[in-house]
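A structural walkthrough
In case you want the letters, here they are:
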Amino acid sequence: MGGDDRACYRAAVVRAAHGPIRIEDVPVRAPVGDEVALRVTACGLCHSDVHFMHGTSGTAFPYVVGHEVAGRVVELGPDATGVAVGDTVVVAPMVPCGTCRQCAAGRPHACPDRLLRRPPIPLGDGALGTGVLGVGGLAERVLVPARNVVPIDPRVPPQVAALLGCGVPSGYGAAVHTAEVGPADDVVVIGCGGVGVAAVAGAAAAGAARIVAVDVSAAKLAAATAFGATDVVDASAADPVAAVRDLTGGRGADVVLDAVGGARTFATAVAMRAPGSRLVVVGAPKTGEIAELGLRELFLTGGSIRVSIWGDCTASRDLPLLAARYLDGVLPLDRYLSGTFALDEAQEGYDRLLAGEGLRGVVVL
């Protein structure tokens, strides 16, 4: 692959909702147009993959799973620019097109074409696979447009570099970019998995006055403390709304980041708001999920409710910055990593994720 004479590469494929991961041989295709071929070195195991695997974020089976990808450029399409063979890169699944009406108006984070859309992936039996979030990167090789790969410092280990593809920028950026956390803010993060802990780290980097981490797992609350939480609330042992109001002198939080997603945690987040606060939905809800919102209370308390997709990050700016903060020791992403797996062990890695074991497992190839 990528300069050798192999006819196939291995990829993790799910054929039906709740079906097992199958490691299948996929025919190699040379990059065309502006595509870049990567030799994948690591791929993170994310809850967003599971939503697709279970059919709750789409039903375009079979899926080639995985979207948190680090790799090395091995081949360029004839129109690919901005990267070179040999570069160490991270795949950015969200990059504005730069030409649409929203981009031209200076609103790139509203670009309707910013989600990577990879063409169908021909599988070994002739079926057409769908790459999760346009990537399908839990594989030995992946093809993506050149604009969706960002060179980073090769000193970052592959298992850490992969984390920069989704979970870390999604949480970190939600605090820094979407919520615009500042030094006067009391911040609450609901859900301290991979995205939530990154949101805690972002709020800490922004200098938040107080950061309250809310979860039902003692291990995840401990991780949140390591990344900058000043207070923790075990929602299995105490009313989280009452606890947050007690910690904030009865006012509620200036910023609430819901890193879980869904009607239940959204209602909790609304109840934690202080007047004039910012509520940011970070976690992805399931398809069809509906939440109720008291409009009169919202009107009287003011503030805003926003959705953060991939942390409203700018890939070319934020991914190298996060990598640099890791290398400087400011962002301890080694503590974010909860285990590494071989490609054949991907199912075990996702099973551990669903069991709530650790923040993020990574397949290293």
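For the structure itself, consult the block above.
Let me sum up the structure you'll find in this document. (Residues numbered from 1 in each chain as written. Predicted model: local features only at pLDDT ≥ 70, side-chain atom pairs only at ≥ 80, totals over all residues. Heavy atoms only, no water.)

1. Points about the overall build of the protein
On a plain count of helices and strands, the protein comes out with eleven helices and 18 strands. For a compact globule of 365 residues, the expected C-alpha radius of gyration is about 21 Å, and the protein comes in at 20 Å, within 12% of that figure. Expressed as lengths along the three principal axes of its C-alpha atoms, the size of the protein is roughly 65 × 40 × 40 Å. Scored against the burial criterion, the 365 residues of the protein give a buried share of 50%. Across the protein, contacts joining residues at least 24 apart in sequence account for 69% of those joining residues at least 6 apart. (Helix = DSSP H or I, 4+ residues; strand = E, 2+ residues; numbered from the N terminus. Rg over C-alpha atoms; globule rule 2.2 N^0.38 Å. Buried < 20%, exposed > 50% of the residue type's maximum accessible area, 1.4 Å probe, protein only. Contact = heavy atoms within 4.5 Å.)

2. Remarks on the pattern of salt bridges
Within this structure, the stated rule accounts for 17 salt bridges. Between Asp344 and Arg10 there is a salt bridge; the shortest N-O distance is 2.9 Å. Highlighted residues: Asp344 in the loop between strand 17 (337–341) and helix 11 (346–354) and Arg10 in strand 1 (residues 8–14), separated in sequence by 334 residues. Each of the salt bridges in this network shares a partner with another, and the network as a whole consists of Arg15, Arg22, Glu24 and Asp125. (Salt bridge = Lys/Arg side-chain N within 4 Å of Asp/Glu carboxyl O.)

3. Re the nonpolar core
Formed by 55 residues in total, the largest nonpolar core has its most connected members in Leu164, Leu257, Leu333 and Tyr336. A total of seven residues in this core trace back to one element, the largest contributor, which is helix 5 (residues 194–205). Apart from residues no more than four positions distant in its own chain, Leu333 is found in contact with Val160, Leu163, Leu164, Val168, Phe227 and Tyr326. By size, the runner-up hydrophobic cluster in this structure holds 33 residues, among which are Val36, Val89, Leu138 and Ala146. (Core = buried A, V, L, I, M, F, W, Y, C linked by side-chain atoms within 4.5 Å.)

4. Let's talk about the pairing of strand 6 (residues 88–91)
Across three bridges, the pairing between strand 5 (residues 68–76) and strand 6 is antiparallel. Across the sheet, residue Arg72 finds its bridge partner in strand 6, namely Thr88. (Pairing = 2+ DSSP bridges.)

5. A word on the sheet that holds strand 13 (residues 231–234)
Taken in spatial order, the six strands line up as 13-12-11-14-15-16 in an open sheet, and their pairing is parallel. Two strands lie at the open edges of the sheet, namely strand 13 and strand 16 (304–307), each paired on one side alone. Looking at each pair of strands side by side, their axes are set apart by 15 degrees on average, direction ignored. Of the strand pairs in this sheet, strand 11 (residues 186–190) and strand 14 (residues 253–258) are connected by four bridges, and their pairing is parallel. Following the sheet pairing, Val188 is matched in strand 14 by Val256. (Axes fitted to C-alpha atoms, helices over the stretch in contact; angles between N-to-C directions.)

6. Concerning helix 5
Here helix 5 spans 17 Å end to end across twelve residues, near enough to the 16 Å set by a 1.5 Å rise per residue. Among the twelve residues in helix 5, ten count as buried, and that is most of the element. Considered for burial, the residues of helix 5 that qualify are Gly194, Val195, Gly196, Val197, Ala198, Ala199, Val200, Ala201, Gly202 and Ala203. Those residues of helix 5 hidden inside the fold are in contact with helix 4 (167–178), strand 11, strand 12 (210–215), helix 6 (218–226), strand 14 and strand 18 (360–364). Residue Gly207 follows helix 5 closely and has a positive phi angle near 85 degrees. (Expected span 1.5 Å × (residues − 1).)

7. Thoughts on the packing of helix 7 (residues 240–247) against helix 8 (residues 263–272)
Direction vectors running N to C along helix 7 and helix 8 enclose 25 degrees, while the axes themselves pass 9 Å from each other. It follows from the interaxial angle that helix 7 and helix 8 lie roughly parallel. At the point where helix 7 passes helix 8, the crossing takes the right-handed sense. Contact with helix 7, carried on its side by Pro240, Val241, Val244 and Arg245, involves Thr268, Ala271 and Met272 of helix 8 and no other residues of that element. Its residues placed into classes, the contact of helix 7 with helix 8 shows five nonpolar, one polar and one charged. (Parallel < 35°, antiparallel > 145°, perpendicular 65-115°, else oblique. Left-handed = near helix turned anticlockwise from the far one by under 90°. Nonpolar A, V, L, I, M, F, W, Y, C, P; charged D, E, K, R; others polar.)

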